[in-house]
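Architecture and fold: a report
Residue strings, one per chain:
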Amino acid sequence: MILDKFRLDGKVAIVTGSNTGLGQGFCVALAEAGAKVLGVGRRDSEDTLAKIGKEKFDYMIADLSDPHCAKDIIGAALERYGSVDILVNNAGIIKRNDSLVFSEKDWDEVMNVNLKSLFFLSQAAANAMVAQGRGGKIINVASLLSFQGGIRVPSYTSSKSAVKGLTMTLANEWAKYNIQVNAIAPGYMVTNNTEALRNDPDRSKAILERIPAGRWGTPEDIMGAGVFLASAASDYVTGFTIAVDGGWLGR
Ligand code: NAD
């Protein structure tokens, strides 16, 4: 039955940035589909735990500005749940400033979380998946700025464009281990990440007018794509970045 292919019973997922926003949406979606989920965040994920319950969710605190935490994260999932089948690289930050004065600090901070940690966590997860010998799923969170330039976000656009490219590289290398690597490019979603934009009346109005769906997205909107890419339903899909953007990129 096709709907059975979407089920994640018996699977173990790691989701970074699990305390809020889209990461919380991924945690809820994967757990509802049957997976056990280990959340990772800079701060506690008690709110997410309250939504899911401790049967299906646990969390750890780690700072992904240091890529060396990758091995600890994979180790924690193996210790708590015995395997790693799904990794969602969702944690991400954005810094806004004119490119003429953009600082090296804002460049490095964004690159470390959005790209460097994403790579080394994927590497550690893929090594565990190869050792387990039954494949796996890696889902990277990209952005519309994997396809477009944006304004005043040079490190963010660079990191998210690289995430799209890296998704293809890893998909090519790991297909032979039955590990599928894909990305989701969310459109403009109501989370902390877009608070500054939503508080700017001019930018906010311009963005809303350009979204064909006529509304901002929500964490619930990425749940379907998340479960699809985490499940056997997507076993022949790899290296692709799927936009969940209310039609933005098609316009
Ligand atoms: P958010 O700011 O609400 O969440 C970001 C998450 O990343 C939080 O859980 C935070 O704890 C985690 N995080 C940040 N730095 C970390 C660190 N050093 N160590 C560990 N965790 C860290 O924003 P969001 O919108 O939910 O963002 C989730 C992802 O979606 C990000 O990668 C973001 O770039 C991407 N995205 C968001 C939008 C949007 O419109 N909201 C659009 C495109 C892409």
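For the structure, check the block above.
What you are looking at is a predicted structure, and each value in this text was computed from that prediction instead of being measured. (Residues numbered from 1 in each chain as written. Predicted model: local features only at pLDDT ≥ 70, side-chain atom pairs only at ≥ 80, totals over all residues. Heavy atoms only, no water.)

Lining the immediate environment of the ligand, one finds 28 residues, of which Asn19, Leu64, Asn90, Tyr156 and Thr191 sit closest. Leu64 is positioned such that a nitrogen or oxygen atom in its backbone is 2.8 Å from a nitrogen atom of the ligand. Asn90 is positioned with one of its backbone polar atoms (N or O) 2.7 Å from an oxygen atom of the ligand. Protein contacts shield 95% of the accessible area of the ligand, which totals 820 Å² for the unbound molecule. Broken down by class, the residue content of the shell around the ligand amounts to twelve nonpolar, 13 polar and three charged. (Near = heavy atom within 4 Å. Polar contact = N/O pair within 3.5 Å; in protein donor to acceptor, adjacent residues only side chain to side chain. Areas by Shrake-Rupley, 256 points an atom, 1.4 Å probe, with all protein chains shown as cover. Nonpolar A, V, L, I, M, F, W, Y, C, P; charged D, E, K, R; others polar.)

Of all six residues in strand E5 (residues 136-141), six are buried, a share of seventy percent or more. Side chains of E5 alternate between two faces, with Gly136, Ile138 and Asn140 and Lys137, Ile139 and Val141 buried alike. Alignment of strand E4 (residues 86-89) against E5, held across four bridges, turns out to be parallel. When the sheet's bridge partners are listed, Asn89 is paired in E5 with Asn140. By the bridge criterion, six bridges tie E5 to strand E6 (residues 179-186) in an arrangement that is parallel. Looking across to E6, one finds that Asn140 is bridged to Ala183. (Buried < 20%, exposed > 50% of the residue type's maximum accessible area, 1.4 Å probe, protein only. Helix = DSSP H or I, 4+ residues; strand = E, 2+ residues; numbered from the N terminus. Pairing = 2+ DSSP bridges.)

Attention now moves to the nonpolar core. If you look at the biggest cluster of nonpolar residues, it comprises 33 residues, and the most contacted ones within it are Ile14, Ile73 and Ile74. Looking at this core, the elements with two or more residues in it are strand E2 (36-41), helix H4 (70-81), helix H5 (104-132), helix H6 (154-174) and E6. Counting residues per element, this core draws most heavily on H5, at seven residues. Beyond its immediate stretch of four places on either side in the chain, Ile14 contacts Leu38, Val40, Ile73, Ile74, Ala77, Val84, Ile86, Leu87 and Val88. (Core = buried A, V, L, I, M, F, W, Y, C linked by side-chain atoms within 4.5 Å. Contact = heavy atoms within 4.5 Å.)

Time to look at the state of the cysteines. Under the counting rule described, the total for this entry stands at zero disulfides. A disulfide-free cysteine, Cys27 has its sulfur positioned 16 Å from the sulfur of Cys69, the nearest such atom. In this structure Cys27 comes out as buried when scored by relative accessible area, which is 0%. The class for Cys69 is buried, based on a relative accessible area of 11%. (Disulfide = S-S within 2.5 Å.)

Moving on, we get to the packing of aromatic side chains. Any aromatic ring pair is given by two values, namely how distant the centres are and how the planes are angled relative to each other. Going through the model one piece at a time under the given rule, you end up with four aromatic pairs. With 4.8 Å between their ring centres and 75° between their planes, Phe119 and Phe120 make a pair best called edge-to-face. Residue classification places Phe119 among the partly exposed residues on the basis of a relative accessible area of 25%. Seen in terms of ring centroids, Tyr188 and Trp248 are 4.8 Å apart; in terms of plane orientation they differ by 55°. Their pairing is tilted. Taken together, the residues span a long stretch of sequence, with Tyr188 in the loop between E6 and helix H7 (195-199) and Trp248 in the segment after strand E7 (241-244) at a distance of 60 residues. (Phe/Tyr/Trp six-rings, centres within 6.5 Å; stacked < 30°, edge-to-face > 60°.)

Here we come to the pattern of salt bridges. Under the defined criterion, the tally for this structure stands at nine salt bridges. Here Asp58 makes a salt bridge to Arg80, at a shortest N to O gap of 3.0 Å. Separated by 22 residues along the polypeptide, Asp58 in strand E3 (residues 57-61) and Arg80 in helix H4 bring together distant segments of the chain. We classify Asp58 as partly exposed; its relative accessible area is 28%. Judged by relative accessible area, Arg80 falls into the partly exposed class, the value being 38%. The closest approach of N and O atoms between Glu209 and Lys205, which form a salt bridge, is 3.1 Å. Residue Glu209 and its partner Lys205 are both found in helix H8 (residues 201-210); the two are separated by four residues, about one turn of the helix. When salt bridges with common partners are traced through the structure, they connect Lys95, Lys105 and Glu109 into a single cluster. (Salt bridge = Lys/Arg side-chain N within 4 Å of Asp/Glu carboxyl O.)

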